[in-house]
Amino acid sequence: MTHETTRRTVLLATGATGAAALVAACGGGGDDNGSAPTGSPTDREPAGQELASTDEIPVGGGKIFKEEEVVVTQPEQGQFKAFSAICTHQRCTVASVSDGTINCACHGSKFRIADGSVAHGPATRPLPAEQITVEGNSVRLT
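Residues numbered from 1 in each chain as written. Predicted model: local features only at pLDDT ≥ 70, side-chain atom pairs only at ≥ 80, totals over all residues. Heavy atoms only, no water.

**Remarks on the nonpolar core**
Then, number 1: Grouped together as the largest cluster of nonpolar side chains are 14 residues, with contacts concentrated most on I64, V71, V94, V97, I102 and F111.
Then, number 2: Ignoring sequence-local partners within four residues, the contact set of I102 consists of V71, T73, F83, V94, S96, V97, S109, K110, F111, R112, I113 and L127.
Then, number 3: L51, A52, F80 and L141 belong to the second largest nonpolar core, which has 11 residues in total. (Core = buried A, V, L, I, M, F, W, Y, C linked by side-chain atoms within 4.5 Å. Buried < 20%, exposed > 50% of the residue type's maximum accessible area, 1.4 Å probe, protein only. Contact = heavy atoms within 4.5 Å.)

**Describing the sheet that holds strand β6 (residues 101-103)**
Then, number 1: Spatial strand order, β5-β6-β7-β8: 4 strands in an open sheet with antiparallel pairing. Each edge of the open sheet is held by one strand with a lone partner, namely β5 (96-98) and β8 (118-120). The sheet shows a mean angle of 35° between the axes of neighbouring strands, direction not considered.
Then, number 2: When β5 meets β6, the two strands line up antiparallel, connected through 3 bridges. Across the sheet, residue V97 finds its bridge partner in β6, namely I102. (Pairing = 2+ DSSP bridges. Helix = DSSP H or I, 4+ residues; strand = E, 2+ residues; numbered from the N terminus. Axes fitted to C-alpha atoms, helices over the stretch in contact; angles between N-to-C directions.)

**Re the environment of V70**
Then, number 1: Relative to the assigned elements, V70 resides in strand β3 (residues 70-76).
Then, number 2: The class of V70 is buried, set by a relative accessible area of 1%.
Then, number 3: For the pair V70 and A129, spaced 59 residues apart in sequence, the C-alpha separation works out to 9.1 Å.
Then, number 4: Those residues in contact with V70 that sit more than four places away from it in its chain are L51, K63, I64, F65, A82, F83, S84, A85, E130 and L141.

**Re unusual backbone geometry**
Then, number 1: Here E69, not a glycine, exhibits a phi torsion of approximately 55°, which is positive.
Then, number 2: On the secondary structure map, E69 appears in the loop between β2 (61-65) and β3.
Then, number 3: Given the relative accessible area of 42%, E69 is considered partly exposed.
Then, number 4: Unlike most non-glycine residues, D99 shows phi in positive territory, near 50°.
Then, number 5: Turning to its location among the elements, D99 is positioned in the loop between β5 and β6.
Then, number 6: Residue classification places D99 among the exposed positions, given a relative accessible area of 79%.

**A closer look at the sheet that holds strand β4 (residues 79-84)**
Then, number 1: Spatially, β2-β3-β4 is the arrangement adopted by the 3 strands of the open sheet, whose pairing is antiparallel. Either end of the sheet is taken by a strand with one partner, and the two such strands are β2 and β4. Direction aside, neighbouring strands of the sheet carry axes that sit 20° apart on average.

**Some words on the pattern of salt bridges**
Then, number 1: One pass over the full model with this rule turns up 1 salt bridge.
Then, number 2: In this structure, the salt-bridge partner of E56 is K63, at a minimum N-O distance of 2.9 Å. (Salt bridge = Lys/Arg side-chain N within 4 Å of Asp/Glu carboxyl O.)

**Notes on the side chain of Q74**
Then, number 1: Along the polypeptide, Q74 turns up in strand β3.
Then, number 2: A polar contact is formed between the side chain of Q74 and the backbone oxygen of I57, at a distance of 2.5 Å.
Then, number 3: Side-chain polar atoms of Q74 contact the backbone nitrogen of G78, separated by 2.8 Å.
Then, number 4: Filtering out sequence-adjacent residues up to four positions away, Q74 remains in contact with T54, I57, P58, V59, G60, G61, Q79, F80 and I113. (Polar contact = N/O pair within 3.5 Å; in protein donor to acceptor, adjacent residues only side chain to side chain.)

**Observations concerning the state of the cysteines**
Then, number 1: Enumeration over the complete set of coordinates arrives at 1 disulfide.
Then, number 2: Between the sulfur of C92 and that of C106 lies a disulfide, 2.1 Å long from S to S. Torsion about the S-S bond of the C92 and C106 cystine: about -110°, corresponding to left-handed handedness. Taken together, the residues span a long stretch of sequence, with C92 in the loop between β4 and β5 and C106 in the loop between β6 and β7 (110-112) at a distance of 14 residues.
Then, number 3: Owing to a relative accessible area of 17%, C92 belongs among the buried residues under this scheme.
Then, number 4: In this structure C87 is a free cysteine whose sulfur lies 3.9 Å from that of C104, the closest cysteine sulfur available.
Then, number 5: On the accessibility criterion, C87 (2% relative accessible area) is buried. (Disulfide = S-S within 2.5 Å.)

Here you go:
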């Protein structure tokens, strides 16, 4: 009895091989159950890259980190927020933070420092939030 190789046979065999490879790649050894590392905070490195000290972020203003493409603001004393520094209008990097807004010099868009929402167009979408942590006097991008 001869077996004719059909297109369906080839596709099924290829799919099965790919699925097996995917399962093997995701398996990994050891007893990692996906949980966070244990130990006291002093046993671990602080989370994320340090951007600045809290003293560097003015109350009612903010600071732009061009290399990281993030802007960190302090709308009220001790309240820190972070947003993408890339304007949602035409992807220019924002240029300044003043008078309660994050300002794009390319076309004049302004975003509120408290929530990244549009204060003045032409941008119609808010700046996306970025994740930061504040530990002691350190502001870290996570």
